[in-house]
Amino acid sequence: MEMLTIGAFAKACRLSPKALRLYDELELLRPARVDPESGYRYYAPHQLEQARLVAWLRRLGMPLARIREVCALEPASAATEIRAYWAQVEAETATRRDLAAFLVDHLSQVPRKDTTMLELRYAALSDTGLVRPANQDTAYAGTRVLAVADGFGPAGAPASTAAVEALKFLDTEPLPAGSVLNLLEDAVQGATQAVQDVTRNPKEDGTTLTAMLWTGSQLALVHIGDSRAYLLRDGSLFQITHDHTMVQSMIDEGRLTLEEAMAHPQRALLLKALTGAGPAPAPDVRLHDALPGDRYLLCSDGLSGVVPDSEIQETLTTIPSPEQAVRALVIAANNSGGPDNVSCVVADVVTTDSR
């Protein structure tokens with residue numbers, strides 16, 4: 001049988017030799033023969049059809065793991081799978097379109113010149129869940145500071161407590177005229193030192209930290225780890241943090257779908273956290289202009305990992321008070337099995353005369 005060199009095969013199917021070597025390693029497109037001495041790859045002409053299918057699916061943005069599944073199917077079943085994938089892409093695109101519209105609106109807003117006074121109504125609740133023997137989460141809501149920390153390791157509980165305690169001084173400290181974000185970054189350095197003071201094993205103990213600081217017209221966000229912050233605005237729910245996990249990085253690179261990520265054995269592996277080892281990783285920090293009617297949710301992955309965003313949105317939309325909302329969210333997590341500690345902070349932006 002006539003064989004094609006990897007260079008000739010790459011040219012014929014419009015895949016680079018580098019991509020072909022990767023697909024060989026992933027057992028997605030194995031060469032027909034490999035020279036035992038040189039290791040040079042050779043392909044059969046009939047493999048061109050599968051190679052072109054792989055190239056087309058990559059152009060659709062399909063992750064490699066799902067392409068492997070599609071290529072193993074009969075044509076009719078493969079067509080059904082591609083149709084289902086594209087429906088999912090369109091649904092996710094609609095969600096991203098909403099987020100893009102929110103960001104454009106958020107970044108285009110002219111600072112308010114009116115004298116409307118805003119304040120926060122807030123509530124925090126933390127629960128052990130139904131499986132874990134102890135609660136390593138910490139949730140806090142104060143006059144200015146909102147925070148959720150999810151501890152891990154043998155000293156996870158004191159680590160999360162220490163991180164949040166290190167921020168509480170911001171509740172009463174006069175805010176400087178300069179950058180609030182710089183103040184938050186400095187506070188994270190203090191939180192890192194506090195975590196280091198209470199942890200016993202720097203490689204095992206640590207905590208996530210997602211916190212917001214109220215300035216009277218804006219909320220400054222600081223985020224490390226996989227606890228999350230959401231914003232409910234005009235009935236739409238937006239996740240305003242990005243998980244610092246290995247699985248999220250693989251989603252970003254197109255190597256995993258959201259469904260695959262949910263079942264990944266290392267979905268809880270963090271890329272960033274406050275630990276007892278070394279300096280604090282660079283946190284995500286940003287400012288959010290507050291509007292009357294905005295509702296913010298901070299939560300540990302004990303909620304976001306088991307309760308769908310659609311249910312979280314429904315709960316935040318229909319339950320009026322922050323106290324009732326945090327209780328309902330904890331109940332929802334426990335109704336979903338309560339496999340982890342669950343912590344929630346809900347804060348509403350209201351005008352001072354709305355009470």
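Asks: Kindly report on the sheet that holds strand 1 (residues 4–5), identifying the contributing residues and their values.
Replies: Spatially, three strands are ordered 1-3-2 in an open sheet, and the strand pairing comes out antiparallel. Edge positions in the sheet fall to strand 1 and strand 2 (33–34), since each of these pairs with one other strand and no more. The pairing of strand 2 with strand 3 (residues 41–43) spans two bridges and is classified as antiparallel. Considered in strand 3, the bridge of Val 34 is made with Arg 41.

Asks: Which residues make up the pairing of strand 9 (residues 218–224), and what values go with them?
Replies: Extensive coverage of strand 9 is indicated by the burial of six of its seven residues. In this structure, strand 8 (residues 209–214) lies alongside strand 9, joined through six bridges in antiparallel fashion. Of the residues in strand 9, the one forming a bridge with Leu 213 is Ala 220. Hairpin connection between strand 8 and strand 9: a loop of three residues separates the two successive antiparallel strands, and Gly 216 in this loop has a positive phi of roughly 110°. Here strand 9 pairs with strand 13 (residues 284–289) via six bridges, running antiparallel. Looking at strand 13, one finds that His 223 is bridged to Asp 284.

Asks: How would you sum up the environment of Arg 132? Please name residues and give values.
Replies: Relative to the elements of secondary structure, Arg 132 occurs in the loop between strand 4 (118–127) and strand 5 (137–141). Since its relative accessible area comes to 38%, Arg 132 is described here as partly exposed. Spatially, the C-alpha atom of Arg 132 lies 6.9 Å from that of Pro 339, the residues being 207 residues apart in sequence. Those residues in contact with Arg 132 that sit more than four places away from it in its chain are Pro 339, Asp 340 and Asn 341. Here the side chain of Arg 132 touches Asp 340 through a polar contact of 3.2 Å, side chain to side chain.

Asks: A description of the side chain of Thr 241 should follow, citing residues and the corresponding values.
Replies: Tracing the backbone through its elements, the reader meets Thr 241 in the loop between strand 11 (236–239) and helix 8 (246–252). In this structure the side chain of Thr 241 is engaged in a polar contact, spanning 3.0 Å, whose partner is the backbone nitrogen of Ala 229. When near neighbours in sequence (up to four residues on either side) are disregarded, Thr 241 contacts Thr 210, Leu 221, His 223, Ser 227, Arg 228, Ala 229 and Arg 286.

Asks: I'd like a description of the nonpolar core, backed by residues and values.
Replies: Note that soluble globular proteins tend to have their nonpolar side chains buried in a common cluster. Counting 28 residues, the largest nonpolar core has Val 145, Leu 170, Leu 209, Leu 213 and Leu 274 as its most contacted members. Elements with a minimum of two residues in this core: strand 6 (145–152), helix 6 (156–165), helix 7 (180–198), strand 8 and strand 9. Ranked by residues supplied to this core, first place goes to helix 7 with nine residues. With residues near it in sequence (within four places) discarded, Leu 209 still touches Val 148, Ala 149, Ala 163, Val 164, Leu 167, Ala 191, Val 222, His 223, Ile 224 and Leu 274.

Asks: Pulling in residues and values, what's your account of the packing of aromatic side chains?
Replies: Summed over the entire model, instances satisfying the criterion amount to two aromatic pairs. When the ring of Phe 9 is compared with that of Tyr 43, the centres are 4.3 Å apart and the planes differ by 10°; the resulting orientation is stacked. With a gap of 34 residues between them, Phe 9 in helix 1 (residues 6–13) and Tyr 43 in strand 3 connect regions that are remote in the sequence. Like Tyr 43, Phe 9 is buried. Ring geometry for Tyr 40 and Tyr 42: centres 5.7 Å apart, planes at 65°, overall edge-to-face. Its relative accessible area of 39% is what places Tyr 40 among the partly exposed residues.

Asks: Account for the sheet that holds strand 15 (residues 342–351), naming residues and giving values.
Replies: Read from one edge to the other, the open sheet built from five strands follows the order 4-15-14-10-11, with strand pairing classed as antiparallel. Of all strands in the sheet, those with a lone pairing partner are strand 4 and strand 11, marking the two edges. Looking at each pair of strands side by side, their axes are set apart by 20° on average, direction ignored. By the bridge criterion, five bridges tie strand 14 (residues 295–299) to strand 15 in an arrangement that is antiparallel. Bridge pairing in strand 15 places Leu 297 opposite Val 346.

What counts, and where the lines are drawn
Residues numbered from 1 in each chain as written. Predicted model: local features only at pLDDT ≥ 70, side-chain atom pairs only at ≥ 80, totals over all residues. Heavy atoms only, no water. Pairing = 2+ DSSP bridges. Helix = DSSP H or I, 4+ residues; strand = E, 2+ residues; numbered from the N terminus. Buried < 20%, exposed > 50% of the residue type's maximum accessible area, 1.4 Å probe, protein only. Contact = heavy atoms within 4.5 Å. Polar contact = N/O pair within 3.5 Å; in protein donor to acceptor, adjacent residues only side chain to side chain. Core = buried A, V, L, I, M, F, W, Y, C linked by side-chain atoms within 4.5 Å. Phe/Tyr/Trp six-rings, centres within 6.5 Å; stacked < 30°, edge-to-face > 60°. Axes fitted to C-alpha atoms, helices over the stretch in contact; angles between N-to-C directions.

The quantities given are spatial measurements derived from coordinates; they are silent on function.
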